[in-house]
Amino acid sequence: MVDAPKGRSQRVGVLGSDRASAAPIFSNFGQAFQRAEFFAGLFLLGFSNGIFERIMQAIALGTIGDAFWGTFGISVLIWAACFIAVSLLLRHPPEPVTRNDLILALAIVAAAFLPSAKASWLALTWLGLYGLRCFEAGAPGRRAAVIILAITVPMFWSRLVFGMLSHLILQADAILVSLIVGTERVGNTVGFADNSGYLFTLPPCSSLANVSLAVLGWALFIQAFALRPSLTDIWWCLAACSAVIVINVARMALIGLHPESYELVHGAVGASVASFLGLAAIVGINILRVRRDLFVRA
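Residues numbered from 1 in each chain as written. Predicted model: local features only at pLDDT ≥ 70, side-chain atom pairs only at ≥ 80, totals over all residues. Heavy atoms only, no water.

Structural notes on the overall build of the protein
Test applied: The way it works is that DSSP assigns letters per residue, a run of H or I at least four long becomes a helix, a run of E at least two long becomes a strand, and they are numbered from the N terminus. Accessibility here uses a 1.4 Å probe with only protein chains present; expressed as a share of the type maximum, an area under 20% marks a residue as buried, one over 50% as exposed, and anything in between as partly exposed. Every residue pair with non-hydrogen atoms within 4.5 Å of one another is taken to be in contact. Surface exposure here means Shrake-Rupley accessible area, sampled with a 1.4 Å probe, where a residue is shielded only by the protein chains that are shown.
Per the secondary structure count, the protein includes 11 helices and 3 strands. Helices and strands in the protein line up, N terminus first, as α-α-α-α-α-α-α-β-β-β-α-α-α-α. Burial status across the protein gives 40% buried among its 298 residues. In the protein, of all internal contacts separated by at least 6 residues, the share reaching a separation of at least 24 is 72%. Looking at the protein as shown, the accessible area adds up to about 16900 Å², and 69% of this sits on carbon and sulfur atoms.

Written out as structure tokens, the structure reads:
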């Protein structure tokens, strides 16, 4: 019998021990992290990459302080939804991370490395849908998944819909404005009341962005207070959507009726007032819905 060289036997032993330890390391990963906490980390990673471009644009338009007080051009409702989603995930009962969770994590991490916010919002949509499937109904994790999906509506999906249907959406806004101002409409333009010119309804003036925030607010209140959805909730959602449309159309109509006040109404002051009124309408209507349900419970 010929003995194997000593060095070779040592190398074989080392390689064998590496293979033996690889499987336990992979399997123990799920025990080292709680599933909901793992989801929270993935959500924050995708969300951070999704808003990075907006934050940079907000800072480029002024100072960091101005961008901060302007919430970086992102609605306060979205920041609140982000906080509540993470809070719900951290309250979810302990569960181990599964192999499918790790596959999802690889996709979200890969999306975060791409120089595109769209990739992250698509990944977060997948995360929300996956959360609906793997968490039980009524569980904090399931409620957080609904909020995550709702966040992607104003941040991504409403923009995608607007890109496909912008002509029809802007015309709908123009029709409503022309009914109030009482002047002719040509496409997405409405004549001023004093016949001095025309008001153009451009994409930033569209009501769709505010409607998507109303949908987010509706979903946020239901999940935050663990309310049981019902058919009447559709009417509450429609009420919030209608309120923000009225506010946006009224602002444009005010410009049409008083073109001399264009800079005031269309500028920073008018935008801030309209944004505040829209947020107040969304929150107020949903508070009424929550109070009604909590009163019934009591």
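Moving on from the coordinates now.
Structural notes on the nonpolar core
Stated precisely, the cut-off is as follows: Within this scheme, the nonpolar core is defined by two criteria: the residues are buried Ala, Val, Leu, Ile, Met, Phe, Trp, Tyr or Cys, and they are joined through side-chain atoms within 4.5 Å.
Core analysis: the largest hydrophobic core is formed by 55 residues, its most contacted members being Phe43, Phe47, Ile78, Trp121, Leu127, Ile151 and Leu216. If you list the elements that add at least two residues to this core, you get helix H2 (35–60), helix H4 (76–90), helix H5 (99–113), helix H6 (117–134), helix H7 (140–181), helix H8 (208–224), helix H9 (232–257) and helix H11 (268–297). The dominant element in this core, judged by the number of residues it contributes, is H2, at 10 residues. The contact partners of leucine 216, leaving out residues within four places of it in the chain, are Leu77, Ile78, Ala81, Ile147, Ala150, Ile151 and Pro154. Counting 12 residues, the second-largest nonpolar core is a separate cluster that includes Val181, Cys205, Val249 and Ile255.

Things to note about the side chain of arginine 289
Our working rule: Identification of polar contacts relies on pairs of N or O atoms within 3.5 Å, with a donor-acceptor requirement for protein atoms, meaning one able to donate a hydrogen and the other able to accept it, and with residues adjacent in sequence counted only if both atoms are side-chain atoms.
Counting through the fold element by element, arginine 289 comes out in helix H11. Polar contacts involving the side chain of arginine 289 include one to the side chain of aspartate 233, which spans 2.5 Å. Sequence-distant contacts of arginine 289, that is, excluding residues within four places in its chain, are made with Ile222, Leu227, Arg228, Ser230, Asp233 and Trp236.

A look at the side chain of glutamine 223
With respect to the helices, strands and loops of the structure, glutamine 223 is situated in helix H8. The exposure class assigned to glutamine 223 is buried, which follows from its relative accessible area of 12%. Sequence-distant contacts of glutamine 223, defined by excluding residues within four places in its chain, comprise Leu88, Arg143, Val146 and Ile147.

Some points on the packing of H8 against H9
So the rule is basically this: To define axes, lines are fitted to C-alpha atoms, for helices over the stretch in contact only, and angles between the resulting N-to-C directions are given on a 0 to 180 degree scale. Two helices crossing with the near one rotated counterclockwise from the far one by less than a right angle form a left-handed crossing, whereas a clockwise rotation gives a right-handed crossing.
Packing of H8 against H9 leaves a shortest axis separation of 9 Å and a crossing angle of 145°. The chirality of how H8 crosses H9 is right-handed. Within the contact between the two elements, H8 uses Asn210, Val211, Ala214, Val215, Trp218 and Ile222 and H9 uses Asp233, Cys237, Ala240, Cys241, Val244, Ile245 and Asn248.

Some points on the packing of aromatic side chains
Worth spelling out the cut-off: We call Phe, Tyr and Trp rings a pair once their centres come within 6.5 Å, taking the six-membered ring for Trp, and we label the pair stacked below 30 degrees between planes, edge-to-face above 60, and tilted otherwise. Counting as a charge over the ring demands two things of the Lys NZ or Arg CZ atom: a distance within 6 Å of the ring centre and an angle within 35 degrees of the ring normal.
Throughout the structure, instances matching the rule amount to 9 aromatic pairs. Between the aromatic rings of phenylalanine 43 and phenylalanine 47, the centroid separation amounts to 5.7 Å while the plane-to-plane angle is 35°, which identifies the pairing as tilted. Of this pair, phenylalanine 43 and phenylalanine 47 both sit in helix H2, 4 residues apart, which is roughly one turn of that helix. A residue is classified by how much of its surface remains accessible, and phenylalanine 43, at 0% relative accessible area, is buried. Judged by its relative accessible area of 2%, phenylalanine 47 is buried. Both rings, one in phenylalanine 47 and one in tryptophan 79, keep their centres 5.9 Å apart while their planes meet at 80°; by these two values the pair is edge-to-face. Of the two residues, phenylalanine 47 sits in helix H2 while tryptophan 79 sits in helix H4, which places them 32 residues apart along the sequence. The exposure class assigned to tryptophan 79 is partly exposed, which follows from its relative accessible area of 28%. Each residue in the set Phe43, Phe47, Trp79 and Trp121 is aromatic and connected to the rest through ring pairs, giving one cluster. Above the plane of the ring of phenylalanine 135 lies arginine 35, whose end atom (NZ or CZ) is 5.8 Å from the centre.

A word on the sheet that holds strand S1 (residues 185–186)
Cut-off, in case you're wondering: Two strands form a pair only when DSSP identifies at least two bridges running between them.
Ordered by their spatial adjacency, 3 strands build an open sheet running S1-S2-S3, and the pairing between neighbours is antiparallel. Across the chains shown, the open sheet's two edge strands, defined by having one partner strand only, are S1 and strand S3 (198–200). Pairing analysis gives 3 bridges linking strand S2 (residues 189–191) to S3, with the strands arranged antiparallel. Directly across from glycine 191, in S3, lies its bridge partner tyrosine 198. Sitting on the sheet, H7 touches S1, S2 and S3, and the angle it makes with S2 is about 10°.

These figures capture arrangement, not role.
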